[in-house]
Amino acid sequence: MSTATSAQPMVQLGGIRKSFHHLDVLKGVDIEVGNGQTICIIGPSGSGKSTLLRCINHLELPDAGVVVVDGEVMGYTEKKGRLVAVRAKDIDRQRRTVGMVFQRFNLFPHLTALENVALTPRQVLGLSRKEANALAEEQLARVDMLSRKDAYARQLSGGQQQRVAIARALAMKPKVILFDEPTSALDPELVGEVLQVMKDLAAEGMTMVVVTHEMQFARECASEVVFMDGGRVVEQGSPDEIFGSPRHERTRAFISRVAHETAASG
Amino acid sequence: MTSTAHASPGEIADPSIRSARLARLASLPLKKHAHPWRWLSGAFIIAALVFVVRAFARGDIEWSEVAAYLFDDRILEGLGQTVQLAVICTLLGTAIGIGVAVMRLSRNPVASSVAWFYVWIFRGTPDLLQLLLWFNLALVFPTLTIPGVWEARTIDVVTPFVAAVIALSISAGAYIAENVRGAIAAVDHGQLEAASALGLPKRSTFRKIVMPQAMPSLIPAIGNHAIILLKLSSLASVISYTELMGSAQEIYYVNARVVELLFTIAIWYLVATSLAGVLQYYLEKWYGRSNVVTRTNSLDRATARVLNRLRSGTKGA
Ligand SMILES: Nc1ncnc2c1ncn2[C@@H]1O[C@H](COP(=O)(O)OP(=O)(O)O)[C@@H](O)[C@H]1O
Ligand SMILES: [Mg+2]
């Protein structure tokens, strides 16, 4: 499956396969994300969306296939016609170019918002405390959380925690950010503030891969929508194509089901 | 015997509530549970205590001697050695415990087997036995050698103090390792994922993310071990190390005031272990300041109870 992307590719997934104890979760996935694009991945629960996202930054090691981020193969170097696994510190370095935002935020609860954001820059970029804090404050301002910089996670609402988590990812100046259902754990009235931050990022030209059930967000912000089912990409296209005239029956069924659920719950 | 804690009757302020029965019920005084068994059992225990205290007061103990030896130079010297031994062994034991726990949790099968074996050996044999083995190391290896660099007689190196430090630290380390392992395993997996995704190196993740979150649940265990070590250090008297117990023995071998001296040092052991408890309380508070683990420890709960009582008391008045 090839898609015409005008932009330079930032993330390329080729032939990604992954199974857990004989359960084939990913059965060969190819996706290309252009520089500055926002790709939304939709699909039923259990279709392998999270696993795919986690393969991109090698939180999960694909059984087969390669992930290329900005031209660099994740986790491997090419040597004498083979891909040889790199060492831990190299994979750490590569992961810094890929930010990730989790469904459950995963803020470090023993650190304040500022410390959450400043920790990694300070530990790995060799910044002084002052420099790291300045960087962290800048990122917290981007998500409108500067006023709560001294709060611990438990003192923040879910939406605020997620915004801090986004700032934490941004502080590493990633080339791409992965979002795994970033609003699914939020109370409905807090979803908007997180989506707004993501919309702003998309508008600023950040490359993003977003697994989401927020169809409205996908419609408005996605450069491409990918529909996954059963460990495969079933269909991929512009939001208009996927939501307006899906080619596959499964896509159509899924979209109408989600639309019903949203209508029922909203 | 009857407790008459009558609360002041309530008055219904809302005029729209006119039920006569409700008004009458609301105006009745409230009587709380009487708890007669608490009073009875309390009285019984106090009686038993009085009996015991009287018996000891009339018994053949020279209490003035107990007081006189409390600040005896040799006793204070011994106390210093006991505290020193306990502090050193707690610190070393914790360091060993953390190291062994990390090995135990490592994916490297060699490392985790070695750690398992360590815990198995040193948790499975008596401390006194370990102490005697370390002290008698010279019988097995008369000299210690690093070929071409250093050589010494074992007797000169493994002094009673060194043997005690080695034995007690290693044995404490085996216990603490299990505590550390549990505390580390209890840290939310999402924390590790977030750290990996950020590209935070393993070492930093351990130091900055895992340990700070494991600490709150670890402090009580380490505090417990500090108290155990304060007491276990008395074993070192067996290998002729004059800590608190040894000092007492040296004195009562001469003057035969055995029980008096045992009471003297019992007081010091209680003081030392109580202070360790207080220190533990403040460490717990410090590590729990972001309230990562919502442990309610007993001292806090007791304080909260007293405060509540005071508050409701002032409200009622
Ligand atoms: N670490 C794992 N071990 C075993 N099975 C897993 C693991 N992670 C995911 N799976 C399984 O893989 C399938 C796809 O999971 P996931 O990628 O989370 O789907 P989605 O995010 O689309 O809901 C599910 O059946 C899930 O149970
Ligand atoms: Mg998922």
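Whatever comes next refers back to the structure up there.
Reading the values: rules and limits
Residues numbered from 1 in each chain as written. Chains lettered and ligands numbered in written order. Predicted model: local features only at pLDDT ≥ 70, side-chain atom pairs only at ≥ 80, totals over all residues. Heavy atoms only, no water. Helix = DSSP H or I, 4+ residues; strand = E, 2+ residues; numbered from the N terminus. Buried < 20%, exposed > 50% of the residue type's maximum accessible area, 1.4 Å probe, protein only. Contact = heavy atoms within 4.5 Å. Areas by Shrake-Rupley, 256 points an atom, 1.4 Å probe, with all protein chains shown as cover. Near = heavy atom within 4 Å. Polar contact = N/O pair within 3.5 Å; in protein donor to acceptor, adjacent residues only side chain to side chain. Buried area = accessible area lost by both parts, 1.4 Å probe. Salt bridge = Lys/Arg side-chain N within 4 Å of Asp/Glu carboxyl O. Phe/Tyr/Trp six-rings, centres within 6.5 Å; stacked < 30°, edge-to-face > 60°. Core = buried A, V, L, I, M, F, W, Y, C linked by side-chain atoms within 4.5 Å. Pairing = 2+ DSSP bridges. Axes fitted to C-alpha atoms, helices over the stretch in contact; angles between N-to-C directions. Parallel < 35°, antiparallel > 145°, perpendicular 65-115°, else oblique. Left-handed = near helix turned anticlockwise from the far one by under 90°. Nonpolar A, V, L, I, M, F, W, Y, C, P; charged D, E, K, R; others polar. Expected span 1.5 Å × (residues − 1).

Student: Mind showing me how you'd approach the overall build of chain B here?
Tutor: If you tally the helices and strands in chain B, you get 14 helices and 4 strands. Relative to its full complement of 317 residues, chain B shows a buried share of 34%. Pairs at least 24 residues apart make up 71% of the contacts formed inside chain B by residues separated by at least 6 positions. Accessible surface computed for chain B: about 19,600 Å², of which carbon and sulfur atoms make up 66%.

Student: Can you walk me through the site of ligand 1 in this structure?
Tutor: Residues and elements named next belong to chain A. Around ligand 1, a shell composed of Phe20, Leu23, Val25, Pro44, Ser45, Gly46, Ser47, Gly48, Lys49, Ser50 and Thr51 is seen. Contact distances for ligand 1 include 2.8 Å between an oxygen atom and a side-chain N or O atom of Lys49. Starting from 560 Å² of accessible surface for ligand 1 in isolation, the protein chains cover 60%. Those elements that place two or more of their residues in the shell around ligand 1 are strand 2 (23–34) and helix 1 (49–56). When residues in the shell around ligand 1 are grouped by element, the largest group, 3 residues, is from helix 1.

Student: How do you make sense of unusual backbone geometry when you look at a structure like this?
Tutor: Glycine aside, residues mostly have negative phi angles, and peptide bonds mostly take the trans form. Residue and element names in this part refer to chain A. If you check the backbone angles, Asp70 has positive phi at about 50 degrees while not being a glycine. Its place among the elements puts Asp70 in the loop between strand 4 (64–69) and strand 5 (72–73). What makes Asp70 partly exposed here is its relative accessible area of 38%. One non-glycine residue, Asn106, lies in the positive phi region at around 55 degrees. Structurally, the position occupied by Asn106 is in the loop between strand 8 (98–101) and helix 3 (113–124). By relative accessible area, Asn106 is classed as buried at 8%.

Student: Is there a simple way to think about the interface of chain B and chain A in this case?
Tutor: A common measure of how large an interface is: the accessible area buried when the components associate. Across the boundary between the two partners, chain B contributes 22 residues, which contact 22 residues of chain A. Both faces combined, the contact of chain B with chain A buries some 1,900 Å², and carbon together with sulfur accounts for 59% of it. Linking chain B to chain A there are 1 salt bridge. With a closest N to O distance of 2.8 Å, Arg54(A) and Glu193(B) form a salt bridge. In this assembly, chain B and chain A are joined by 7 residue pairs in polar contact (both at pLDDT 80 or more). Of all the secondary structure elements, the ones that give two or more residues to the side of chain B that touches chain A are helix 10 (189–198) and helix 11 (202–232) of chain B. With 8 residues, the top contributor of residues to the side of chain B that touches chain A is helix 10 of chain B.

Student: What's the story with the pattern of salt bridges in this structure? I'm lost.
Tutor: Two side chains with opposite charge may pair up if their charged atoms get near one another. Residue and element names in this part refer to chain A. Counted by the stated rule, this structure contains 17 salt bridges over all chains. Among the salt bridges present, the one from Asp63 reaches Lys18, with a minimum N-O distance of 3.8 Å. With Asp63 in the loop between helix 1 and strand 4 and Lys18 in strand 1 (residues 9–20), this pair connects stretches of sequence that are 45 residues apart. Take Asp63: its relative accessible area is 48%, and that puts it in the partly exposed class.

Student: I tried to follow the packing of aromatic side chains on my own but got confused; where do I start?
Tutor: For any pair of aromatic rings, the description consists of the separation of the ring centres together with the inter-plane angle of the planes. All names here are of chain B. Tallied over the full model, the rule gives 10 aromatic pairs over all chains. Their ring planes at 40 degrees and their centres at 5.8 Å tell us that Phe117 and Trp120 sit as a pair that is tilted. Of this pair, Phe117 and Trp120 are both found in helix 5 (residues 109–123), 3 residues apart, which corresponds to roughly one turn of the helix. What makes Phe117 partly exposed here is its relative accessible area of 46%.

Student: Which parts of the structure should I look at to understand the nonpolar core?
Tutor: It is characteristic of soluble globular proteins that their nonpolar side chains tend to be buried jointly. Residues and elements named next belong to chain A. One finds Ile42, Val164, Ile166, Phe179, Met198 and Met208 to be the most contacted residues of the largest nonpolar core, which totals 51 residues. Among the elements that take part in this core, helix 6 (residues 188–203) stands out by supplying 8 residues, more than any other. Every residue in contact with Val164, bar those within four places of it in the chain, is listed here: Leu107, Ala113, Asn116, Val117, Leu140, Met145 and Leu156. Counting residues in each nonpolar core, the second largest holds 40 residues, with Val11, Ile31, Val33 and Ile41 among its members.

Student: Quick question: what am I supposed to make of the environment of Arg289(B) here?
Tutor: All names here are of chain B. Counting through the fold element by element, Arg289 comes out in the loop between helix 13 (258–287) and helix 14 (298–316). Residue Arg289 is classed as partly exposed on the basis of its relative accessible area of 44%. Between the C-alpha atoms of Arg289 and Phe206, which are 83 residues apart in sequence, the distance is 20 Å.

Student: Please clarify how the sheet that holds strand 4 of chain A should be interpreted in this entry.
Tutor: Two pairing modes exist for strands in a sheet, parallel and antiparallel, and in both the strands are linked by backbone hydrogen bonds. Residue and element names in this part refer to chain A. Reading across from one edge, 2-1-4-5 is the order of the 4 strands in this open sheet, with antiparallel pairing throughout. Every other strand in the sheet has two partners, leaving strand 2 and strand 5 as the edge strands with one partner each. Bridge analysis of strand 1 against strand 4 gives 5 bridges, and the strand direction is antiparallel. Across the sheet, Leu13 pairs through a bridge with Val67, a residue of strand 4. Running at roughly 120 degrees to strand 1, helix 1 makes contact with strand 1, strand 2 and strand 4 of the sheet.

Student: Please explain the sheet that holds strand 10 (residues 207–211) of chain A as it appears in this structure.
Tutor: Residues and elements named next belong to chain A. As summarised here, the arrangement of the 6 strands in space is 8-9-10-3-11-12, forming an open sheet in which the pairing is mixed. Two strands lie at the open edges of the sheet, namely strand 8 and strand 12 (232–237), each paired on one side alone. In this sheet, neighbouring strand axes are inclined to one another by 20 degrees on average, regardless of whether the strands run parallel or antiparallel. As defined by bridge partners, strand 3 (residues 38–42) adjoins strand 10 across 4 bridges and the pair is classed as parallel. Note that in strand 10 the partner of Cys40 across the bridge is Val210.

Student: Can you walk me through the packing of helix 3 of chain A against helix 4 (residues 129–142) of chain A in this structure?
Tutor: For any two helices packed against each other, one specifies the crossing angle of their axes together with the interaxial distance. Residues and elements named next belong to chain A. Between helix 3 and helix 4, the shortest axis-to-axis distance is 8 Å and the interhelical angle comes to 125 degrees. Classed by the angle they form, the pair helix 3 and helix 4 counts as oblique. The element helix 3 and its partner helix 4 pack so that their crossing is right-handed. Along its contact with helix 3, which presents Ala113, Leu114, Val117, Ala118, Pro121 and Arg122, the element helix 4 presents Arg129, Ala132, Asn133, Leu135, Ala136, Glu137, Gln139 and Leu140. Broken down by class, the residue content of the contact of helix 3 with helix 4 amounts to 9 nonpolar, 2 polar and 3 charged.

Student: What is the right way to look at helix 12 (residues 244–255) of chain B in this model?
Tutor: All names here are of chain B. Taking 1.5 Å per residue, 12 residues should reach 16 Å; helix 12 reaches 17 Å between its end C-alpha atoms and fits that length. In the core, the buried residues of helix 12 are packed alongside helix 3 (63–70), helix 4 (73–105) and helix 13. Where helix 12 starts, the residue carrying a side-chain oxygen 2.9 Å from the main-chain nitrogen of Met245 turns out to be Glu243. A positive backbone phi angle near 65 degrees is found at Ala256, which sits one or two residues after helix 12.

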